[in-house]
Amino acid sequence: MDDTERLKEKAFSNGDVYVGNFEGALPHGKGKYTWSDGTFYEGDWEEGKMMGKGQIMWLSGAKYEGDFSGGYLHGSGTFIGSDGSEYRGAWRMNIQDGFGRKRYSNSDIYEGSWKEGLHEGCGRYTWNSGNTYTGNWKRGKMCGRGVMKWANGDAYDGYWLDGFRNGSGVYRYVDGGYYFGTWSRGLKDGKGTFYPTGTRHPSMKRWSSSVGFDDSGRSVSSQSCSLDMEECKTARPDVNRNVSEKISVGKISRKSGRISNRTKSLDDSWSLCDPAEDLTCHDISSRFSHASDLGLTEVKDNNAVIYEREYMQGVLTKERISYSAELSHKTKKNNEFRVEKVNGRSCVDIFNSRRSYYLMLNLQLGIRYTVGKITPVPKREVRSSDFGDRARIRMYFPRKGSQFTPPHYSIDFYWKDYCPMVFRNLREMFKLDAAEYMMSICGHDGLREVSSPGKSGSIFYLSHDDRFVIKTLKKPEIKALLKMLPDYYSHVNDHENTLITKFFGVHRIKVRSGKKVRFVVMGNMFCTELRIHRRYDLKGSTQGRYTNKDKIKENTTLKDLDLSDEFLMDKLLRESLFKQLSLDCLFLESQDIIDYSLLLGLHFRAPEHLKAFTEPPATVPSQDNSPPADGVSSQGELLIPPKGLILVTHEPSSVNIAPGPHIRGSTLRADSVGDQQVDLLLPGTGRLRVQLGVNMPAQASRKLLPADVDSAEVELFEVYDVVLYMGVIDILQEYNMKKKVEHAYKSLKFDPLSISVVEPKTYAKRFIDFLKKVFPEQP
């Protein structure tokens, strides 16, 4: 720069110096600013702010060269950290955001999408050990579909959650063996099939169409997440973003211009185990059926041995040896298309053969419109008028589109959203982000229909991430919900630990022929961090409350008479449970509601020994002294296995405290740790926050019948460690005249106290009394 460019030098009172062009009193054009600590920036300026191209170097040796905007690292640039790490890619306000490549100081490399300093979306991470993961990320952790290839030649193609193998997947061993199955937080959990080396395995074509292998086992590209990094780099797609380690570049101080370089290797905070050691690493729950999803290829040897296995938290509980020909026959049978016949006319029959698709599309269009319309409205307290008949949003969605609605591929329909301001406030009360809510339900992944577990004929949909349940309702149920809505709003506002179902929205679709479909959006109580092994619907009645054994499947919801276990809980946890149940039942009684139930989900922990036989709980010795490894005392007595669950003092930084669709309320206190808030520690798995109805530890105890044991002289019990999930559901049935007539009729045939239909006060008392037997006090 020379005098013609009006080069000037200005020293500031704090020791900073600027040399360059000015416009008035502000740096403008080219210039160099040096802070008193030696940090300097040299490049373009605009009205006193770093704007354009430039470079900044810190006293620590860290350096950035690239785009600036408004004083921030913003655009495209290269950052070299003082530790030798290097990031080349997109930036947004001092944080890596967009597509970029980072080489860490330990030579690990990540190349892919970033969001707010974290890996999110599609990316590839290569460890210095030679291990490679290619697939989807979320908030810095492997999440979604992806392929992990280890340096020893093993590989896993399947689903991940929070850095753990979780859900369905295929594990390929270096010797050519394959295991098709499900994982839960890194452990095999559920049913699966192992194909030894040399055995023909099912066709991998369905897997290879996404991230995965072809039939020869080679890694292939993903259609949903481009694994071609060069193509991804050029296109810079706007994809979902995910991640495993937080790399944060702090904001540049307006005074000092410093940047906080807190980059950290992925391996510093998280390490993978050796997959050759039978996959005892990370993962979570999802259903997987290789028989129905993957067609079998031709088998060379009809006598080839394969192993059908079932695991519980990494422990092999069942194994059946079969032959390829036998499995092939069974697979063909399972592949036959079957439609379950529904008694009566479904409320969505109006959509004919494509009713499910049309309904799903209409739901998404309507909810996207409603949430987009109500979210920008300034937040305020609800008023009485927000619950009235006029508190509705109505919109017509013609197929060709309109001034306010987009064109779509469904049929023309009218949309009605009930009490939008109330449900907007409820979603915020439940700490549910509007954007996440809309993307979960209205994203490109769509909704999936699930079979109805009840007799109502309702249609159920699940969001693609399992967070939300959408259920069609009958007109009386909608009326009951809207009638109780003011009191429901007050109840959940006053009691943050309520176990009652969360409602997020009530809507109606009307097609031009005049047919109407009403539905409600609720939180999924079984969207959990741990796999649900068994589930019950408990009402407290006995008449007809059992399940035909021939119809029980892996995910069947069982009933009152099917439950033979008692669940022993920490004293304070139990007190909290029944205090809230009493409040919730009192509310439902005030609304004349009956027929509700407790939906209970059980996650069984499998310690070294899956189960043990012991004397009645009152005589179980203290758990402070661990039993011998073989589970047998010196006197030859069978002992309870080591605890698979441990309560520890709550540490917010050590657990996930983000609210979920079912999770709400404070962390619970436990008597066993001195009336302190607690977390649940699962040895070998993780640490979870304990809330009412979520991650609640207990010990399941079931008395064995004389036929199950060699001697009837001593009472023996099966004992398991379990994690409980629960909530009160089906709260829209009023005790109206129809129900009163039903009660009178059934009372003539059965014991009046055994039938489900009784008046609200009696129903609530019976419900609580029954649950006190299910969750008895500690002796």
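Bear in mind that the values here come from a model prediction, so they are computed numbers and not experimental data.

Participant: Help me understand the packing of helix α10 (residues 571–590) against helix α12 (residues 760–774), please; the structure alone is not making it clear to me.
Facilitator: For any two helices packed against each other, the geometry comes down to the angle between their axes and how far apart the axes lie. Look at α10 against α12: their axes get within 9 Å of each other, and the N-to-C directions meet at 165°. In terms of their interaxial angle, α10 and α12 are classed as roughly antiparallel. Here the hand of the crossing between α10 and α12 comes out right-handed. Contact residues: α10 offers Arg574, Phe578, Leu581, Ser582, Cys585 and Glu589, while α12 offers Pro760, Lys761, Ala764, Phe767, Ile768, Leu771 and Lys772. Here the contact of α10 with α12 is composed, by residue class, of 8 nonpolar, 1 polar and 4 charged.

Participant: Can you help me understand a negative patch on the surface in this one?
Facilitator: Taken together, the side chains of Glu575, Asp671, Asp675 and Glu777 define an acidic patch exposed on the protein surface. For Glu575, the location among the structural elements is in helix α10. For Glu575, a relative accessible area of 42% translates into the label partly exposed.

Participant: Got a minute to help me understand the pairing of strand β1 (residues 8–11) in this structure?
Facilitator: Each regular strand shows side chains that alternate between the opposite faces of the sheet. Sheet topology note: the β1/strand β2 (residues 17–23) ladder contains 4 bridges and is antiparallel. Of the residues in β2, the one forming a bridge with Lys8 is Gly20. Counting the residues between successive antiparallel strands, the hairpin from β1 to β2 contains 5 residues, one of them, Gly15, with a positive phi of roughly 100°.

Participant: What exactly am I supposed to notice about the side chain of Asn131 here?
Facilitator: Position of Asn131 relative to the elements: it lies in the loop between β11 (118–126) and β12 (132–138). Polar contacts involving the side chain of Asn131 include one to the side chain of Ser129, which spans 3.4 Å. Ignoring anything within four residues of it in the chain, the contact list for Asn131 reads Tyr125, Thr126, Lys149, Trp150 and Ala151.

Participant: So what exactly am I meant to see when it comes to the sheet that holds strand β25 (residues 447–450) here?
Facilitator: Hydrogen bonds between backbone atoms are what pair the strands of a sheet, whose relative direction is either parallel or antiparallel. Sheet architecture is open: 7 strands sit in the order β23-β24-β28-β29-β27-β26-β25, paired in antiparallel fashion. On the outer flanks of this sheet lie β23 (392–397) and β25, each paired with one strand and no other. Along the sheet, successive strands turn relative to each other by an average axial angle of 25°, direction set aside. Pairing geometry for strand β24 (residues 413–418) and strand β28 (residues 503–511), over 6 bridges, is antiparallel.

Participant: When you look at the packing of helix α7 (residues 420–429) against helix α9 (residues 475–494) in this model, what are you seeing that I'm missing?
Facilitator: Direction vectors running N to C along α7 and α9 enclose 20°, while the axes themselves pass 11 Å from each other. When the interaxial angle is binned, α7 and α9 end up roughly parallel. Relative to α9, the crossing made by α7 is left-handed. Together, Val422, Phe423, Asn425, Leu426 and Met429 of α7 and Leu485, Tyr488, Tyr489, Val492 and Asn493 of α9 make up the contact between the two elements. Of the residues belonging to the contact of α7 with α9, the class tally is 8 nonpolar, 2 polar and no charged.

Participant: I tried to follow α9 on my own but got confused; where do I start?
Facilitator: The α-helix advances 3.6 residues per turn, and as a result positions three or four apart in sequence lie on the same side. Here α9 contains 20 residues, and its C-alpha end-to-end distance of 28 Å stays within 8% of the 28 Å for a straight helix at 1.5 Å per residue. For α9, the principal kink sits at Leu485 and spans about 55°; a proline, Pro486, occurs within the next four residues.

Participant: Would you mind showing me how to read the layout of surface pockets here?
Facilitator: Empty space among the atoms becomes visible once a probe the size of a water molecule is rolled across them. By volume, the second largest pocket is sized at about 980 Å³. Lining the second largest pocket are 31 residues, and of these Glu310, Met312, Lys318, His533 and Arg534 sit closest to its centre. Elements with a minimum of two residues in the lining of the second largest pocket: β18 (190–195), β21 (305–312), β22 (315–323), β30 (534–538) and β41 (717–729). Residue composition of the lining of the second largest pocket, grouped by class: 9 nonpolar, 7 polar and 15 charged.

Participant: Would you mind going over the confidence of the model for the protein with me for this structure?
Facilitator: Keep in mind that low pLDDT regions are not for reading the predicted coordinates in detail. Chain-level pLDDT for the protein is 77 on average; 74% of the residues reach the 70-or-more range. By mean pLDDT, helix α4 (residues 290–293) is the weakest element of the protein at 33, and α10 is the strongest at 96. Scored below 50 in pLDDT, residues 205–302 makes 312 contacts in the model with residues more than four places away or belonging to other chains. A low-confidence stretch, residues 331–353 (pLDDT under 50), is modelled with 29 contacts involving residues beyond four sequence positions or located in other chains.

Calculation rules
Residues numbered from 1 in each chain as written. Predicted model: local features only at pLDDT ≥ 70, side-chain atom pairs only at ≥ 80, totals over all residues. Heavy atoms only, no water. Axes fitted to C-alpha atoms, helices over the stretch in contact; angles between N-to-C directions. Helix = DSSP H or I, 4+ residues; strand = E, 2+ residues; numbered from the N terminus. Parallel < 35°, antiparallel > 145°, perpendicular 65-115°, else oblique. Left-handed = near helix turned anticlockwise from the far one by under 90°. Contact = heavy atoms within 4.5 Å. Nonpolar A, V, L, I, M, F, W, Y, C, P; charged D, E, K, R; others polar. Patch = residues over 30% accessible without salt bridge, like charges linked within 9 Å, V, L, I, M, F, W, Y side chains within 5 Å. Areas by Shrake-Rupley, 256 points an atom, 1.4 Å probe, with all protein chains shown as cover. Salt bridge = Lys/Arg side-chain N within 4 Å of Asp/Glu carboxyl O. Lys, Arg positive; Asp, Glu negative; His and termini not counted. Charge placed at Lys NZ, Arg CZ, Asp CG, Glu CD. Buried < 20%, exposed > 50% of the residue type's maximum accessible area, 1.4 Å probe, protein only. Pairing = 2+ DSSP bridges. Polar contact = N/O pair within 3.5 Å; in protein donor to acceptor, adjacent residues only side chain to side chain. Expected span 1.5 Å × (residues − 1). Bend = angle between axes of the 7 residues up to and from the residue. 1 Å grid on protein atoms, 1.4 Å probe; cavity = no way out; pocket = protein on both sides within 12 Å on 5 of 7 lines; lining within 4 Å. Points joined across faces, edges and corners; volume = space filled by probe spheres on them. pLDDT = per-residue confidence, 0-100.

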